[in-house]
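# A structural walkthrough
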Amino acid sequence: MDGSASTLAQVAVKDNKLTETGEFVTLTDRNGSPCTLKIFTTRKGERVLSAQDLWKATELSIFDPGMGHVAVAVNDGKAVVINGDTAKRIEFTIIPPTSGVGQSVIDGRKFSDDTGLYLYDPGLRSVASKKSDICTLDGENGILRYRGIDIAHLAENYDYDQIVHLLLYGDLPDANQNLALIEDLQSRMTLPPQVAAGIEALFPNRTTAMPMSILASIVAALPNYYSDTTEVTDQVQLDAAIHNLVAKIPVLGAMIHRYTMHGDMSIKEPDSKLGVAGNFLHMAGLLTGNTNVDAVLIKAINVIGVTHAEHELNASTFAVNHGVSSRPNAYAAIVSGIEALSGKLHGGANEEAVKQLEMLEANGGEAAVANYIDRVKRKEAKLMGFGHAVYTKYDPRAKIMQAMTHQVLKALGKENDPLFKIALKLEQAALNDNWFKDRNLYPNVDFYSGLMMKAMGIEPKMFTVLFAMYRTSGWSAHLKETVLDPHQRIGRPRVLDTTPDDVNSTPPVTDISRRIRVPSGPAIGSAG
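Described in the following lines is the structure provided in the data block. What you are looking at is a predicted structure, and each value in this text was computed from that prediction instead of being measured.

## Comments concerning the overall build of the protein
Secondary structure summary: the protein contains 20 helices and 11 strands in total. Looking at the protein as a whole, 45% of its 528 residues are labelled buried. Considering only intrachain contacts with a sequence separation of at least 6, the fraction spanning at least 24 residues in the protein is 65%. Of the accessible surface of the protein, which amounts to about 27400 Å², a share of 51% is contributed by carbon and sulfur atoms.

Spelled out as structure tokens, the structure:
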């Protein structure tokens, strides 16, 4: 170890969160040789070491929540916890990923029982809450795989329907399996006749109606019409419910598009020659009638479906998993995902990215990019569509979407689309700037997906509905996996109590009856 600051420490120094003191501490590294680690000071004057440097040199981590200098060491496949006050030694098994990709985990199922402690981790970024073979995600190396298959290979060679089979059943379908799945899904691509009237009754103002609210409301009502698919512990009913959701949500999406954009819900009947993804464009009236152009659009909507179908245990998928742990029907669990996805930090990110491009177009176009980049660096503005909670390198889906966006714009004769030119300018400005590189701010899938959907005639407020349409397959795969996993339990995380210790736990009772105004007139329920 040469004493150089870790990447995180370097960033902290650049952001003035840490200051180098010029001092060092000498320790013995994992090979028995002396090593030096830099000492930093925080803004409060506290002297600290970089935990990342310490780990690299000694394979030791420090865990000290104010309870006796608890140390954690990792050796020979075990995590050893030693309490500095009691000298109690507790071992936990380390479980590596079977794919060899991603992080190993500590089997912490008995952590609180054995240590008397809970782990405080807002956002659960350091917690693996389930075992899964659905998705392999390695953000440091830009890897995304479904059932072990690379996302670029899937997006290039397979349609969304085949990905549905892959996610739900574990393998890519052969010709007969694919045909059977498509026929089954198409047989379910109808909605109860009451849905249209229900949308108009619940959301009478189509111009202000929020598409995701419509989607969640109608999906929540579906089990009332398909009561023989509501028991998640029954494999036949669960599969039927999942097929209903995968097939009916795109139909509902087309209906919502027609209603919020055009004021009617006159969607077309499904086309047996098209899969689930292509049928959305057909039913919503978004195909052009030009065979060559429509072939590109259908390919594009399938690419959107493939790249958005699954992404491990993100916020909405966690909501589905956490929700289904109490064993509601599958429709209710999926509604949990829809609601979580509606947030602008999750499913709404591509809408925000397009709004950003539109703002730049209105304020000078490409010429405004340099100034906007400077404002972002001064923290006066936020760059939407860049950076990711998981990826520290280029989002592999973004490369796929960028290429597909070029094809769509060319097919539609929109190669000179000003928003796309601004997007390219913005991307290049950020990718060539060390400020963005040091912070791992690379374009993500939202940067291009919104631009492509807008070019196809889909308005920004509908973007997240399309996201939900295709993520339903991934949600459903996780839902099914969770229900069938005998080790899963009802979700019950804990809180770190921050109640002040001087609060009176038995305050005097105050008579508030005099503050309540009792209405005059006859008592409620009287005949008077």
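Here the narrative resumes.
## Things to note about the pattern of salt bridges
For side chains of opposite charge, pairing can occur when their charged atoms come near one another. In this structure the tally under the stated criterion is 16 salt bridges. Residue Asp107 is joined to Arg109 by a salt bridge in which the shortest nitrogen-to-oxygen separation is 2.8 Å. The partly exposed category is assigned to Asp107, whose relative accessible area is 23%. Ionic contacts of the salt-bridge type, sharing partners, join the residues Glu351, Glu352 and Lys355 into one network.

## Some remarks on the sheet that holds strand β11 (residues 149-150)
Sheet architecture is open: three strands sit in the order β9-β10-β11, paired in antiparallel fashion. Where the open sheet ends on each side, the last strands, each with one partner, are β9 (135-138) and β11. The pairing of strand β10 (residues 143-146) with β11 spans two bridges and is classified as antiparallel. If you follow Arg145 over to β11, its bridge partner there is Asp150.

## Digging into the packing of helix α11 (residues 291-308) against helix α20 (residues 463-484)
Where α11 contacts α20, the two axes come as close as 8 Å, and the packing angle between them is 65°. When you trace α11 past α20, the crossing you get is right-handed. Contact with α11, carried on its side by Ile301, Ile304, Gly305 and His308, involves Leu466, Phe467, Tyr470 and Arg471 of α20 and no other residues of that element. Here the residues of the contact of α11 with α20 are counted per class, giving five nonpolar, two polar and one charged.

## Topic: unusual backbone geometry
At Lys379, a residue that is not glycine, the phi angle is positive and equals roughly 65°. With respect to the secondary-structure elements, Lys379 resides in the loop between α15 (369-377) and α16 (396-411). Although it is not a glycine, Asn440 adopts a positive phi angle of roughly 55°. Relative to the helices and strands, Asn440 is located in the loop between α18 (434-438) and α19 (445-455).

## Concerning the packing of aromatic side chains
If you walk through the whole model with that rule in mind, you get six aromatic pairs. Ring centres 5.0 Å apart and planes at 75° place the aromatic pair Trp435 and Phe436 in the edge-to-face group. Of the residues examined, Phe436 reaches a relative accessible area of 0% and is grouped as buried. Among the aromatic residues, those joined into a ring-pair cluster are Phe386, Phe420, Phe447 and Tyr448.

## Examining helix α9 (residues 235-262)
Turn by turn, an α-helix covers 3.6 residues, leaving residues three or four places apart pointing in a common direction. Here α9 contains 28 residues, and its C-alpha end-to-end distance of 40 Å stays within 8% of the 40 Å for a straight helix at 1.5 Å per residue. The sharpest bend along α9 reaches about 25° and sits at Lys248, with the proline Pro250 one to four residues further on. Sitting at the amino-terminal end of α9 is Asp234, which places a side-chain oxygen 3.0 Å from the backbone nitrogen of Val236. Just beyond α9, the residue with positive phi is Gly263, at close to 80°.

## Here we look at the pairing of β10
Every other side chain in a regular strand lies on the same face of the sheet, so the side chains alternate between the two faces. Here four bridges tie β9 to β10, and the two strands are oriented antiparallel to one another. Looking at β10, one finds that Cys135 is bridged to Tyr146. Counting the residues that bridge the hairpin from β9 to β10 gives four residues, and of these Gly142 lies at a positive phi of roughly 65°. The turn linking β10 back onto β11 is made up of two residues, and Arg147 within it adopts a positive phi angle of 50°.

## Digging into the nonpolar core
Residues Leu215, Phe280 and Leu426 are the most contacted members of the largest nonpolar core, which totals 117 residues. Among the elements that line this core, the one with the most residues is α9, at 13 residues. With near-sequence residues (within four places) excluded, Leu426 lies in contact with Gln356, Leu357, Leu360, Val369, Tyr372, Ile373, Leu383, Phe386 and Phe447.

So, how was this worked out
Residues numbered from 1 in each chain as written. Predicted model: local features only at pLDDT ≥ 70, side-chain atom pairs only at ≥ 80, totals over all residues. Heavy atoms only, no water. Helix = DSSP H or I, 4+ residues; strand = E, 2+ residues; numbered from the N terminus. Buried < 20%, exposed > 50% of the residue type's maximum accessible area, 1.4 Å probe, protein only. Contact = heavy atoms within 4.5 Å. Areas by Shrake-Rupley, 256 points an atom, 1.4 Å probe, with all protein chains shown as cover. Salt bridge = Lys/Arg side-chain N within 4 Å of Asp/Glu carboxyl O. Pairing = 2+ DSSP bridges. Axes fitted to C-alpha atoms, helices over the stretch in contact; angles between N-to-C directions. Left-handed = near helix turned anticlockwise from the far one by under 90°. Nonpolar A, V, L, I, M, F, W, Y, C, P; charged D, E, K, R; others polar. Phe/Tyr/Trp six-rings, centres within 6.5 Å; stacked < 30°, edge-to-face > 60°. Expected span 1.5 Å × (residues − 1). Bend = angle between axes of the 7 residues up to and from the residue. Polar contact = N/O pair within 3.5 Å; in protein donor to acceptor, adjacent residues only side chain to side chain. Core = buried A, V, L, I, M, F, W, Y, C linked by side-chain atoms within 4.5 Å.

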